[in-house]
Amino acid sequence: MPQITFVAHDGSAFEVEAAVGSNLMQTALANGIDGILGECGGACSCATCHCYLDPNVYEKISEPSSMERDMLDCVVDLEPTSRLGCQVVVTEDMDGMRVRMPESQY
């Protein structure tokens, strides 16, 4: 299982194992990671799982859908590698990835 590190806005880091085929939001919620709220349960309708991906991972995964882009337009502190965690499916290639979470979700 890939190891993914979730990094809070204050720099504290939490390394967890992620099941391949799950998404980043599910992984964060299953491991009690603060900063990923997932209020809509992964329906891509609330943006409370907004996170920042490593640039090298961001470039390798599929682009956000138009629905996800619309939701990202609503987030605070948008960055070039912003994604909704509910839309990012975990793969073996993500082993060692760091996911940063915005201060606005704390």
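Here, every reference points to the structure presented above.
In this text, all values refer to a predicted model and were calculated from it rather than measured experimentally. (Residues numbered from 1 in each chain as written. Predicted model: local features only at pLDDT ≥ 70, side-chain atom pairs only at ≥ 80, totals over all residues. Heavy atoms only, no water.)

> Describe the pattern of salt bridges, listing the residues and the values that go with them.
In total, this model carries two salt bridges according to the counting rule given. Salt-bridge contacts for R100 lead to E79; the nearest nitrogen and oxygen are separated by 2.5 Å. Of the two residues, R100 is situated in strand 5 (residues 97-100) and E79 in the loop between helix 3 (66-72) and strand 4 (82-84); the sequence distance between them amounts to 21 residues. Exposure remark for R100: the relative accessible area of 37% places this residue in the partly exposed category. Here E79 falls in the partly exposed class, since its relative accessible area comes to 30%. (Salt bridge = Lys/Arg side-chain N within 4 Å of Asp/Glu carboxyl O. Helix = DSSP H or I, 4+ residues; strand = E, 2+ residues; numbered from the N terminus. Buried < 20%, exposed > 50% of the residue type's maximum accessible area, 1.4 Å probe, protein only.)

> Tell me about the sheet that holds strand 4, and name the residues and values.
Here we have five strands laid out as an open sheet, ordered 2-1-5-3-4, and mixed in their pairing. The open sheet has two edge strands, strand 2 (13-17) and strand 4, and neither has a second partner. Across the sheet, the mean angle separating the axes of adjacent strands is 35° when strand polarity is ignored. Pairing between strand 1 (residues 3-7) and strand 2: five bridges, direction antiparallel. Across the sheet, T5 pairs through a bridge with E15, a residue of strand 2. (Pairing = 2+ DSSP bridges. Axes fitted to C-alpha atoms, helices over the stretch in contact; angles between N-to-C directions.)

> Pulling in residues and values, what's your account of the nonpolar core?
Residues I4, F6, L24, L84, M97 and V99 are the most contacted members of the largest nonpolar core, which totals 27 residues. Of all the secondary-structure elements, those providing two or more residues to this core are strand 1, helix 1 (24-30), strand 3 (50-53), helix 3 and strand 5. Counting residues per element, this core draws most heavily on helix 1, which supplies three residues. Among residues more than four places away in sequence, those in contact with V99 are I4, T5, F6, V7, L24, C51, Y52 and L53. (Core = buried A, V, L, I, M, F, W, Y, C linked by side-chain atoms within 4.5 Å. Contact = heavy atoms within 4.5 Å.)

> Got a sec to walk through the pairing of strand 3? Specific residues and values, please.
Side-chain alternation along strand 3 places H50 and Y52 on one buried face and C51 and L53 on a second face that is also buried. Pairing geometry for strand 3 and strand 4, over three bridges, is antiparallel. Bridging from a neighbouring strand, C51 pairs with R83 of strand 4.

> Explain the environment of D54 to me, using residue names and the numbers behind them.
Counting through the fold element by element, D54 comes out in the loop between strand 3 and helix 2 (55-58). For the pair D54 and M94, spaced 40 residues apart in sequence, the C-alpha separation works out to 9.8 Å. Polar side-chain contacts of D54 include one of 3.0 Å to the backbone nitrogen of R98. (Polar contact = N/O pair within 3.5 Å; in protein donor to acceptor, adjacent residues only side chain to side chain.)

> Can you break down the side chain of N23 residue by residue, with the values?
Position of N23 relative to the elements: it lies in the loop between strand 2 and helix 1. The exposure class assigned to N23 is buried, which follows from its relative accessible area of 10%. A polar contact of 3.3 Å, which involves the side chain of N23, links it to the backbone oxygen of C86. The residues touching N23, leaving out its near neighbours within four places in the chain, are G85, C86, V88, V89 and V90.

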